[in-house]
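# Chain and residue survey
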Amino acid sequence: MARNKIALIGSGMIGGTLAHMIGLKDLGDVVLFDIAEGIPQGKGLDIAQSSPVDGFDSRLTGVNDYAGIEGADVCIVTAGVPRKPGMSRDDLLGINLKVMEQVGAGLKKYAPKAFVICITNPLDAMVWALQKFSGLPKSHVVGMAGVLDSSRFRYFLAEEFKVSVEDVTAFVLGGHGDSMVPMIRYSTVAGIPLPDLIKMGWTSKEKLDQIVQRTRDGGAEIVGLLKTGSAFYAPAASAISMAEAYLKDKKRVLPCAAHLSGQYGVKNTYVGVPVVIGAGGVERVIEIDLSKAEQKMFDNSVAAVQGLCEACVNIAPHLAAK
Ligand SMILES: NC(=O)c1ccc[n+]([C@@H]2O[C@H](COP(=O)([O-])OP(=O)(O)OC[C@H]3O[C@@H](n4cnc5c(N)ncnc54)[C@H](O)[C@@H]3O)[C@@H](O)[C@H]2O)c1
Ligand SMILES: O=C(O)C[C@H](O)C(=O)O
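Residues numbered from 1 in each chain as written. Chains lettered and ligands numbered in written order. Predicted model: local features only at pLDDT ≥ 70, side-chain atom pairs only at ≥ 80, totals over all residues. Heavy atoms only, no water.

Here is the rule: UniProt positions are given in the numbering used here, feature names are shortened, and annotations may be inferred rather than shown by experiment.
Per an unreviewed UniProt entry, the chain goes by Malate dehydrogenase and derives from Mesorhizobium tianshanense. According to the UniProt record, the Function (unreviewed entry) comment for the chain reads "Catalyzes the reversible oxidation of malate to oxaloacetate." Under the Catalytic activity (unreviewed entry) heading, UniProt states for the chain: "(S)-malate + NAD(+) = oxaloacetate + NADH + H(+)".

Take a look at the structure:
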């Protein structure tokens, strides 16, 4: 059987990390694409030279022409710019929207059958625009943010409870911005919901409120520390879990920015919700029951995402017709 072909559109910090992880996990052959000449070729060669040490056979190549991604099974999109301290993700909208138009055209021409995972920020608006620019099926264009935000939430909870991260389940709904909704009621330690853990005296509401806020600020915390860009290890690992779910038909339930066509009362919008990912792409959007307070926070987050999509249409009016 031929190896999977995985195209990485954008070969910067996340793109390079993705390529390395794909090699280490032997998920398939990698094509790194970038507009910067030499970067995808150099990173591809460097990682390929680690393959004898680590014992993987993935072939890694770097290209500056979209023809190189032809026939890719999976495309992971990180092309664009990251934010710097003092910026919000939304400040990237104008510049990254133009990048999404170019990437969309490349996908349409060379990889129309691929499963596409968008990472570029502001995430929910960029994946919405990318689906429209590329014309690929909505089930095959999805955004990565919920896995990352949920992983941060799980990590902070595991630290608070002093338990293994493996025993913490948690997820975050809504857009990948300040209005994201970490779901306390549906998060657990060894199956025990967080509100019960407060009753048991293992933590307090105040502590959980702080963890929720730290999760919301998780991206900015790393940007503030790195100063030159944003997080890349955890984002890459998160996208790999989505790609693996698709390639191995795992039917994983993961929070992703998925296209909503009426679910949660929302239409024509990409926003973070739990979905099943398998060989069919996004095979199911899971509609969980929300309390009044949770629904209000979710609606607020959806409104923020829709505001960004309107801003995209103001810049690129042809998006409205797609
Ligand atoms: N969704 C998330 O949870 C999440 C997490 C982390 C970062 N991000 C976003 O991911 C994006 C990439 O982050 P990074 O740290 O890898 O940035 P980076 O600057 O290291 O890499 C971006 C790469 O994109 C390339 N690029 C720019 N314009 C391009 C174009 N038109 N076509 C092809 N390539 C182009 C650049 O040359 C660069 O190599 C940013 O927008 C960042 O905000 C999102
Ligand atoms: O915060 C950022 O700008 C990058 C990314 O969205 C993140 O959450 O790490």
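### Regarding the packing of helix α6 (residues 146-161) against helix α8 (residues 205-216)
Under the convention used in this document: The angle between two axes is taken between their N-to-C directions and runs from 0 to 180 degrees, where each axis is a line fitted to C-alpha atoms and a helix contributes only its stretch in contact. Secondary structure elements are defined from DSSP: runs of H or I of at least 4 residues count as helices, runs of E of at least 2 residues count as strands, and each element is numbered from the N terminus. By definition, any crossing whose near helix is turned counterclockwise from its far helix by less than a right angle is left-handed, and any crossing with a clockwise turn is right-handed. Throughout, a residue-residue contact means that at least one pair of heavy atoms, one from each residue, lies within 4.5 Å. The nonpolar class holds Ala, Val, Leu, Ile, Met, Phe, Trp, Tyr, Cys and Pro. Asp, Glu, Lys and Arg form the charged class, and all remaining residues, Gly among them, are polar.
Between α6 and α8, the least distance of the axes is 9 Å, while the angle of their chain directions is 145 degrees. By crossing handedness, the relation of α6 to α8 is classed as right-handed. Residue-level contacts link D149, F153, F156, L157, E159 and E160 of α6 to K207, L208, I211, V212, R214 and T215 of α8. In terms of residue class, the contact of α6 with α8 is built from six nonpolar, one polar and five charged.

### A look at the packing of aromatic side chains
Test applied: Paired rings are identified among Phe, Tyr and Trp, the last through its six-membered ring, by centres lying within 6.5 Å, and are further divided according to the angle between planes into stacked (under 30 degrees), edge-to-face (over 60) and tilted (the rest). Throughout, exposure labels follow a simple rule: accessible area from a 1.4 Å probe, protein chains only, divided by the maximum for the residue type, with under 20% read as buried, over 50% as exposed, and the rest as partly exposed.
Taken as a whole, this structure holds seven aromatic pairs when the rule is applied. Ring geometry for F115 versus Y246: centroids 4.5 Å apart, planes at 15 degrees, classification stacked. Taken together, the residues span a long stretch of sequence, with F115 in strand β5 (residues 115-118) and Y246 in helix α10 (residues 233-247) at a distance of 131 residues. Accessibility expressed as a relative area gives 0% for F115, which makes it buried. When the centroid spacing of 5.3 Å and the interplanar angle of 75 degrees are considered together, the rings of F161 and W202 count as edge-to-face. In this pair, F161 sits in helix α6 while W202 sits in the loop between α7 (194-199) and α8, placing the two residues 41 residues apart along the sequence.

### Observations regarding the site of ligand 2
Condition: Throughout this document, a residue counts as near a molecule or strand when at least one of its heavy atoms sits within 4 Å of that molecule or strand. Residues adjacent in sequence count toward polar contacts only when both atoms are side-chain atoms; beyond that, a polar contact is any pair of N or O atoms within 3.5 Å, and within protein one must be able to donate a hydrogen and the other to accept it. Surface exposure here means Shrake-Rupley accessible area, sampled with a 1.4 Å probe, where a residue is shielded only by the protein chains that are shown.
The environment of ligand 2 is formed by R83, R89, N121, L148, R152, H176, G219, S230 and A231. Separating an oxygen atom of ligand 2 from a side-chain N or O atom of R83 is a distance of 2.5 Å. Contacts to ligand 2 include R152, whose side-chain N or O atom sits 2.7 Å from an oxygen atom. Starting from 260 Å² of accessible surface for ligand 2 in isolation, the protein chains cover 96%. Residues of the shell around ligand 2, tallied by class, amount to two nonpolar, four polar and three charged.

### Some words on the domain arrangement of the chain
Keep this limit in mind: Domain start and stop positions are those given by an automatic or database domain assignment. Buried area, as used here, totals the accessible surface that two parts lose on assembly, with accessibility defined by a 1.4 Å probe and the loss added over both. Salt bridge criterion: a side-chain nitrogen from Lys or Arg within 4 Å of a carboxyl oxygen from Asp or Glu.
Taken domain by domain, the chain consists of domain 1 (5-144) and domain 2 (146-313). On a C-alpha basis, the centroid separation for the pair domain 1 and domain 2 is 22 Å. Interface area, domain 1 with domain 2, both sides summed: about 3,600 Å², of which 73% is carbon and sulfur. Ranking the residues of domain 1 by area buried against domain 2 places D124, W128 and M144 at the top, with a combined share of 20%. Scanning the region where domain 1 abuts domain 2 turns up one salt bridge. Across the pair K25 and E244 runs a salt bridge, and its minimum N-O distance is 3.3 Å.

### Concerning the UniProt feature "domain: Lactate/malate dehydrogenase N-terminal" (unreviewed entry) in the chain
As recorded in UniProt, the sites labelled "domain: Lactate/malate dehydrogenase N-terminal" (unreviewed entry) are residues 5-143. End C-alpha to end C-alpha, residues 5-143 measures 19 Å, and it is 40% helix and 18% strand.

### Comments concerning a negative patch on the surface
What counts here: Residues enter a patch when their relative accessible area is above 30% and they make no salt bridge; the linking distance is 9 Å between like charges and 5 Å between nonpolar side chains (Val, Leu, Ile, Met, Phe, Trp, Tyr). This count recognises Lys and Arg as positive and Asp and Glu as negative, with His and chain-terminal groups excluded. Charged groups are reduced to one reference atom each: NZ for lysine, CZ for arginine, CG for aspartic acid, CD for glutamic acid.
On the surface, a cluster of negative charge is contributed by D90, D91, D178 and D217. Residue placement: D217 occurs in the loop between α8 and α9 (218-226). Given the relative accessible area of 34%, D217 is considered partly exposed.

### A few points about the side chain of R152
Along the chain, the position of R152 falls in helix α6. Its relative accessible area of 10% is what places R152 among the buried residues.

### Remarks on the confidence of the model for the chain
To keep it simple, the criterion reads: Confidence of the predictor at the level of single residues is given by pLDDT, which spans 0 to 100.
Of all residues in the chain, 100% have pLDDT values of 70 or greater, and the mean over the chain is 97. Confidence metrics for the complex model read pTM 0.98 and ipTM 0.99.

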